[in-house]
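# Structural overview
Each chain, letter by letter, is given below.
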Amino acid sequence: MIYYIEPDRRTLHGHFSRDLPAVLTIDSGDTVVFRTLDARWSIAPRTSPVLSDTPPEFSPRDPLMDGGHALCGPVHIHGAAPGMTLEVQIVDILPAAWGWTTAGGRLHPVNERFSLVDTEVMHLWTLDNRSQTAVNQHGHKVRLRPFMGVMGMPADAPGILSTAPPRATGGNLDCKELISGSRLFLPIAVPGGLFSTGAGHAAQGDGEVSITAIECPMERAELKFILHDDMHLTGPRAETDSSWITFGIHEDIQEAMYMALNDMIKLIQDKYEIGLADAMALASVTVDLRITQIVNGVRGVHAVLAKEAILQQ
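A brief structural summary. Remember, predicted model here, so these are calculated numbers, not experimental data. Think of each chain on its own: its residues are numbered from 1, step by step along the sequence as written. Note on the predicted model: pLDDT of at least 70 is required for a residue's local features to be given, and 80 or more for side-chain atom pairs to be given and counted; whole-chain, interface and lining totals, by contrast, use all residues. To obtain the side-chain values, all non-hydrogen atoms of the structure were included, while hydrogens and water were left out.

### Here's the deal with the environment of Gln-89
- Considering the arrangement of structural elements, one finds Gln-89 in strand 6 (residues 85-95).
- A relative accessible area of 21% places Gln-89 in the partly exposed class.
- In sequence terms Gln-89 and Phe-225 are 136 residues apart; their C-alpha atoms lie 6.3 Å from each other.
- Only heavy atoms matter for contacts: two residues are in contact if any of them lie within 4.5 Å across the pair. Contacts of Gln-89, omitting those with residues within four sequence positions, involve Ser-182, Arg-183, Glu-222, Leu-223, Lys-224 and Ile-226. Secondary structure elements follow DSSP: runs of H or I no shorter than four residues count as helices, runs of E no shorter than two count as strands, and numbering proceeds from the N terminus. Three labels apply to residues, based on accessible area from a 1.4 Å probe with only protein chains included: buried if under 20% of the type maximum, exposed if over 50%, partly exposed otherwise in between.

Structural data, given as structure tokens:
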């Protein structure tokens, strides 16, 4: 079955919570096509590069419940239970015709480090899906590589959970590898999973160093959901056409690195049926460690193993 979710008062929320009522219940194997707002709840393109000149935003909003990224969902997957894994197949991602990127202008460790708290810029982008390019008001052109910045489920914790930091169950991962054709694997912490998505990115570099990517609405985010009751993960994993990816999420970037590496070592051990030391030796030759993002309160590191890196005899 294919279902559709539009951004409206029933489906939009700016937090994660195990207590949020599901807006849709699906079965494993079903597909949901989401249309999403940009991260800041805009309902029209920005026309001014001044940050304080805000475009029309979605209304009404609850300042407590809708303070984070504009997310659509949550989706309840029938039969999903804690300890299982949710596979999210990213079938198609189609951005809208506009987006924006900011740098500076607010208190943040990155801005403080670069003395940008009192200096702000905004790039307004025109997105062209035919040419797969984006052009800003200064004439800079970049290639589109769209993905959803937030894909995830709530942790089994009480209360309202911020959308800013990613968690073991996903969320604001900001991993630019999660494009169309990729698969994201997330451990399920609450009955039904309660999956939400939002914060579309038309393009982003590893790190998301200015705190924003090309933030944009998505006309279409087509995701297929599959449950795995024999796959037990402690954090996110992903598979692309060319690579396996494991993630580390922690306040300390070194700990995040070790978490990503530890999960990758386990993946290599399982895939090639070898011991820890041999897996570490192979990882040193074949695995790349990359900084996913440095701006979401917790840092992200992802380990990447190209599928063709270890050749079969």
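### Considering the nonpolar core
- Only buried Ala, Val, Leu, Ile, Met, Phe, Trp, Tyr and Cys residues count toward a nonpolar core, and they belong to the same one when joined by side-chain atoms within 4.5 Å. Counting 49 residues, the largest nonpolar core has Phe-34, Ile-77, Leu-86, Leu-184, Phe-195 and Phe-225 as the members making the most contacts within it.
- In terms of residues, this core owes the most to one element, strand 15 (residues 218-228), which gives five residues.
- Beyond its immediate sequence surroundings of up to four residues, Leu-86 is in contact with Ile-77, Met-153, Leu-184, Phe-185, Leu-186, Ile-188, Phe-195, Phe-225, Ile-226 and Leu-227.
- Core analysis: the next-biggest nonpolar cluster, separate from the first, contains 19 residues, Met-231, Leu-261, Ile-268 and Ala-303 among them.

### Re the sheet that holds strand 8 (residues 120-128)
- Taking strand neighbours across the sheet as the criterion, the four strands line up as 7-8-9-10 in an open arrangement whose pairing is antiparallel. Whereas interior strands pair on both sides, the edge strands pair on one side only; in this sheet they are strand 7 (98-104) and strand 10 (141-143). The sheet shows a mean angle of 30° between the axes of neighbouring strands, taken without regard to direction.
- A pair of strands counts as paired when DSSP detects no fewer than two bridges linking them. Direction of pairing for strand 9 (residues 133-136) relative to strand 10: antiparallel, over a ladder of three bridges. Each bridged residue has a counterpart across the sheet, and for Ala-134 the counterpart in strand 10 is Val-142. Throughout, an axis means a line fitted to C-alpha atoms (over the contacting stretch in the case of helices), and angles, computed between N-to-C directions, take values from 0 to 180 degrees.

### What about the layout of surface pockets?
- Whether a set of points on the 1 Å grid over the protein atoms alone is a cavity depends on a 1.4 Å probe fitting there but being unable to get out, while an open set qualifies as a pocket with protein on both sides within 12 Å along at least five of seven lines; lining residues are those with an atom within 4 Å of a point. Grid points are joined across faces, edges and corners, and a volume is the space filled by probe spheres set on the points. Estimates place the volume of the largest pocket at around 450 Å³.
- Forming the boundary of the largest pocket are 22 residues, of which Arg-40, His-69, Arg-106, Ile-211 and Thr-212 lie nearest the centre.
- Elements supplying a minimum of two residues to the lining of the largest pocket: strand 14 (193-201) and strand 18 (287-296).
- Split by residue class, the lining of the largest pocket holds eight nonpolar, eight polar and six charged.
- What the second largest pocket holds in volume is close to 220 Å³. Residues were grouped as follows: Ala, Val, Leu, Ile, Met, Phe, Trp, Tyr, Cys and Pro as nonpolar; Asp, Glu, Lys and Arg as charged; and all remaining residues, including Gly, as polar.

### Some points on helix 2 (residues 253-272)
- Compared with the 28 Å implied by 1.5 Å per residue over 20 residues, the 28 Å span of helix 2 between its first and last C-alpha is a close match.
- Elements in contact with the buried residues of helix 2: strand 16 (237-239), strand 17 (243-250), helix 3 (276-286), strand 18 and strand 19 (298-306).
- Residues adjacent in sequence count toward polar contacts only when both atoms are side-chain atoms; beyond that, a polar contact is any pair of N or O atoms within 3.5 Å, and within protein one must be able to donate a hydrogen and the other to accept it. At the N-terminal end of helix 2, a side-chain oxygen is found 2.8 Å from the backbone nitrogen of Gln-254, two or three residues along, and the residue is Asp-252.
- Glu-273, located one to two residues past helix 2, shows a positive phi value of around 55°. Under the convention used throughout, the expected extent of a helix is 1.5 Å for every residue step, that is, one less than its residue count.

### Thoughts on the packing of aromatic side chains
- The criterion for an aromatic pair is that two Phe, Tyr or Trp rings (for Trp, the six-membered ring) have centres within 6.5 Å, with stacked assigned to planes under 30 degrees apart, edge-to-face to planes over 60 apart and tilted to the rest. Evaluated as defined, the whole model comprises four aromatic pairs.
- Ring geometry for Phe-34 and Phe-195: centres 6.4 Å apart, planes at 55°, overall tilted. One end of the pair, Phe-34, is in strand 4 (residues 31-36); the other, Phe-195, is in strand 14, and 161 residues separate them in sequence.
- Among the residues examined, Phe-34 registers a relative accessible area of 0% and is labelled buried.
- On the numbers, 4.9 Å between centres and 70° between planes, the contact of Phe-195 with Phe-225 is edge-to-face.

### Re the sheet that holds strand 13 (residues 183-187)
- On the basis of which strands lie adjacent, the open sheet formed by nine strands has the order 1-4-15-6-13-16-17-19-18 and mixed pairing. Bordering the open sheet on either side are strand 1 (2-5) and strand 18, each of which pairs with just one other strand. Mean inter-strand twist for the sheet, computed between neighbouring axes without regard to direction, equals 25°.
- Across three bridges, strand 13 lies against strand 16 in antiparallel orientation. Counted as the bridge partner of Arg-183 is Glu-239 from strand 16.
- Along the sheet face, helix 2 touches strand 16, strand 17, strand 18 and strand 19 and points at about 145° away from the line of strand 17.
- Helix 3 contacts strand 18 and strand 19 of the sheet and is inclined by roughly 75° relative to strand 18.

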